[in-house]
Amino acid sequence: MKNYIAALDQGTTSSRCILFDGSGRMVASHQLEHRQIYPQPGWVEHDPREIWQRCDEVIRGALKKAGASGDQVAAVGITNQRETTVVWNPKTGDAYGNAIVWQDMRTSPRVEKLIAAGGKDQLREKTGLPLAAYFSGTKMEWILDNRSGVREAAAKGEAVFGTIDSYVSWWLSGGPEGGVHITDPTNASRTLLMNIADLTWDDDLLKLFGIPRTMLPEIKPSLPAEPYGVTRKDGPFGAEVPIAGILGDQQAALFGQACFDSGESKNTYGTGCFLLMNTGEELVHSSHGLITTVAYHTGGQKPRYALEGSVAIAGSLVQWMRDNLGLIRNSSEIEELANSVEDSGDVYFVPAFSGLYAPHWRSDARGIIAGLTGYATAGHLARAVLESTAFQTREIVDAMVSDSGLEIRDLRVDGGMVVNETLMQFQSDILNIPVIRPEFTETTALGAAYAAGLATGFWADRRELINHWKEDCRWTPAMAQVDRDHRLKYWAKALERSKGWVEDE
């Protein structure tokens, strides 16, 4: 009997497998970290073989904790760190060097040359993306141009490209012995190589970056009509389990939050924040510095799109308070310190440590603390730190509403910071809409499980998944409009003072 759906969540710092039952409840979970490799400043790498080994181990570990066998698993869904890039030999499974992680900035000089020649938004119409080193196309180009023998190997069919979903699904389905080489549109839309309107690899973009089409995975629906393949009996499941869902991590969180309708939005509060709004079948190109991405694609249906905005520094600012200033010993202490005062005392913290990101995109900005008086204490600074995350989120929400014309009636939240009730209340206050935390906050893995379960009939339809979603806590606005306007006015003043700090000399 098929009792479970498995989600394989391969993230930036760890891999995790979670087994879910028919009610969408977690039955067992196993998680293992992998190394972060920093060859030189600005470079970030992972060992691909180590990642696959960890994936193998966490699947076996989750099954063992559940007392289950692979024969009881109806399907496995995959979610992953998105833009991280791997090139490997499909005949042997050996990678051509380490994976280049999404955070890696080595291709920035190449990106700056492209921007100088044609502008930052020259590819936005086709891809939905601004030119940035963040995306995987320039990473792949760098590997072809800088790692010995890779371009020659590609010409002989001995080098293929993939984001982590492609690499993991290839190994799961057999690796050198018949592994499928696939990706889905949520990951392909982060490469700068896919036409976001028709979900195909674009010849002009491939030519721009010098990437052979033969290296690329086949783009399959996020929720396929038929499984992509099955796991091998001698693999980690010990059985033939259908591989039937792929979603990039942030799109998986949107799916796991059951944000299936236009305007429904979620924000993940972690090191940074990732806010996604479902725009339905409408492909909305941003004029406010946001990213247009694929939310998910169900086989036989039109793709669903999303707008995405990222806050670079959220939870990492709390860590900075802990590690650099020593005002708290543990990150969890930030809330108690913030609650030692009634408000921020008109102190505002703009954490533009490496510039302002969406929707401003000002690399000349730097972090500032504004509004200091002799009245200010560590408590006021702590509250200003928390409030900065809420203010930045408000800016992303405003940009999304302006771009899409859709109303955001409430915001579903997940991630490590959502346990901070002071932050969540202020977020509701400054947005002037309810903020809702679900009972189960590991929504990335849940989204991958939902995709695989829907694709294989383990769950009947999206309505069943909506019924699984349970509210844990709701924060509603309690701030007077005059106070909200005051705070937004002074946040905007602080932002302006952070801009133009860095000058060419």
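Please refer to the structure placed before this passage.
Just so we're clear, the structure is a prediction, and the values are computed from it rather than from any experiment.

A. Representation of the overall build of the protein. Across its full length, the protein carries 16 helices and 23 strands. Compactness check: the protein gives a C-alpha radius of gyration of 23 Å against a globular reference of 23 Å for 505 residues, within 12% of the reference. Based on the C-alpha atoms only, the size of the protein along its principal axes is roughly 70 × 55 × 45 Å. Classification of the 505 residues of the protein by burial places 60% in the buried group. For the protein, restricting intrachain contacts to residue pairs at least 6 apart in sequence, the fraction spanning at least 24 positions comes to 72%. When the accessible surface of the protein is totalled, it reaches about 19900 Å², and 47% of it is carbon and sulfur. Once the 49 positive and 65 negative side-chain charges of the protein are each reduced to a mean point, those two points are 2 Å apart.

B. Structural detail: the packing of aromatic side chains. By the definition in use, this model includes 20 aromatic pairs. Ring centres 5.9 Å apart and planes at 15° place the aromatic pair Trp-52 and Trp-171 in the stacked group. Of this pair, Trp-52 sits in helix α1 (residues 48–66) while Trp-171 is found in helix α6 (residues 164–172), placing the two residues 119 residues apart along the sequence. Take Trp-52 and Trp-171: they sit in the same class, and that class is buried. Measuring from ring centre to ring centre gives 5.2 Å for Trp-88 and Tyr-167, while their planes differ by 75°; the resulting arrangement is edge-to-face. Taken as a pair, Trp-88 in strand β6 (residues 85–88) and Tyr-167 in helix α6 lie far apart in primary sequence, 79 residues in all. A residue is classified by how much of its surface remains accessible, and Tyr-167, at 0% relative accessible area, is buried. One aromatic cluster is present, built from ring pairs that chain together Trp-52, Trp-88, Tyr-167, Trp-170 and Trp-171. Looking at Arg-106, its charged tip hangs above the ring of Trp-43, at a distance of 3.7 Å from the centre.

C. Highlighting the pairing of strand β5 (residues 73–80). Burial within β5 is extensive, with 8 of its 8 residues counted as buried. Relative to β5, strand β1 (residues 4–10) runs parallel, the two being bridged by 7 bridges. Bridging across to β5, Ala-6 finds its partner in Val-76. Where β5 meets strand β14 (residues 242–248), 5 bridges bridge the pair, whose relative direction is parallel. Note that in β14 the partner of Ile-78 across the bridge is Ile-246.

D. Region of interest: helix α4 (residues 136–146). α4 sits mainly inside the fold: 9 of its 11 residues count as buried. Looking only at α4, the buried set comprises Ser-136, Gly-137, Thr-138, Lys-139, Met-140, Glu-141, Trp-142, Ile-143 and Leu-144. Residues of α4 that are buried in the fold lie against β6, β7 (99–100), α2 (108–118), α5 (150–155), β8 (160–163) and α8 (203–209).

E. Quick peek at the pairing of strand β3 (residues 26–33). Note that strand β2 (residues 14–20) and β3 share 7 bridges and pair antiparallel. By the bridge assignment for β3, Arg-16 is matched with Gln-31. What sits between the antiparallel neighbours β2 and β3 is a turn of 5 residues, in which Gly-24 has the positive phi angle 80°.

F. Region of the structure containing the packing of α1 against α6. Where α1 meets α6, the closest approach of the two axes is 11 Å, and the angle between their N-to-C directions is 60°. Between α1 and α6, the angle falls in the class oblique. Here the hand of the crossing between α1 and α6 comes out right-handed. Along the contact surface, α1 presents Pro-48, Arg-49, Ile-51, Trp-52, Cys-55 and Ile-59, while α6 presents Ile-164, Tyr-167, Val-168, Trp-171 and Leu-172. Each residue belonging to the contact of α1 with α6 can be placed in one class, and the counts come to 10 nonpolar, no polar and 1 charged.

G. Summary view of the nonpolar core. By size, the foremost hydrophobic cluster in this structure holds 56 residues, and its most contacted members are Tyr-269, Val-350 and Met-424. By residue number, the principal contributor to this core is helix α12 (residues 378–404), which donates 11 residues. Filtering out sequence-adjacent residues up to four positions away, Met-424 remains in contact with Tyr-269, Val-413, Met-417, Val-418, Val-435 and Trp-475. Counting 41 residues, the second-largest nonpolar core is a separate cluster that includes Leu-144, Ala-159, Trp-201 and Phe-274.

Procedures and definitions
Residues numbered from 1 in each chain as written. Predicted model: local features only at pLDDT ≥ 70, side-chain atom pairs only at ≥ 80, totals over all residues. Heavy atoms only, no water. Helix = DSSP H or I, 4+ residues; strand = E, 2+ residues; numbered from the N terminus. Rg over C-alpha atoms; globule rule 2.2 N^0.38 Å. Buried < 20%, exposed > 50% of the residue type's maximum accessible area, 1.4 Å probe, protein only. Contact = heavy atoms within 4.5 Å. Areas by Shrake-Rupley, 256 points an atom, 1.4 Å probe, with all protein chains shown as cover. Lys, Arg positive; Asp, Glu negative; His and termini not counted. Charge placed at Lys NZ, Arg CZ, Asp CG, Glu CD. Phe/Tyr/Trp six-rings, centres within 6.5 Å; stacked < 30°, edge-to-face > 60°. Lys NZ or Arg CZ within 6 Å of the ring centre and 35° of its normal. Pairing = 2+ DSSP bridges. Axes fitted to C-alpha atoms, helices over the stretch in contact; angles between N-to-C directions. Parallel < 35°, antiparallel > 145°, perpendicular 65-115°, else oblique. Left-handed = near helix turned anticlockwise from the far one by under 90°. Nonpolar A, V, L, I, M, F, W, Y, C, P; charged D, E, K, R; others polar. Core = buried A, V, L, I, M, F, W, Y, C linked by side-chain atoms within 4.5 Å.

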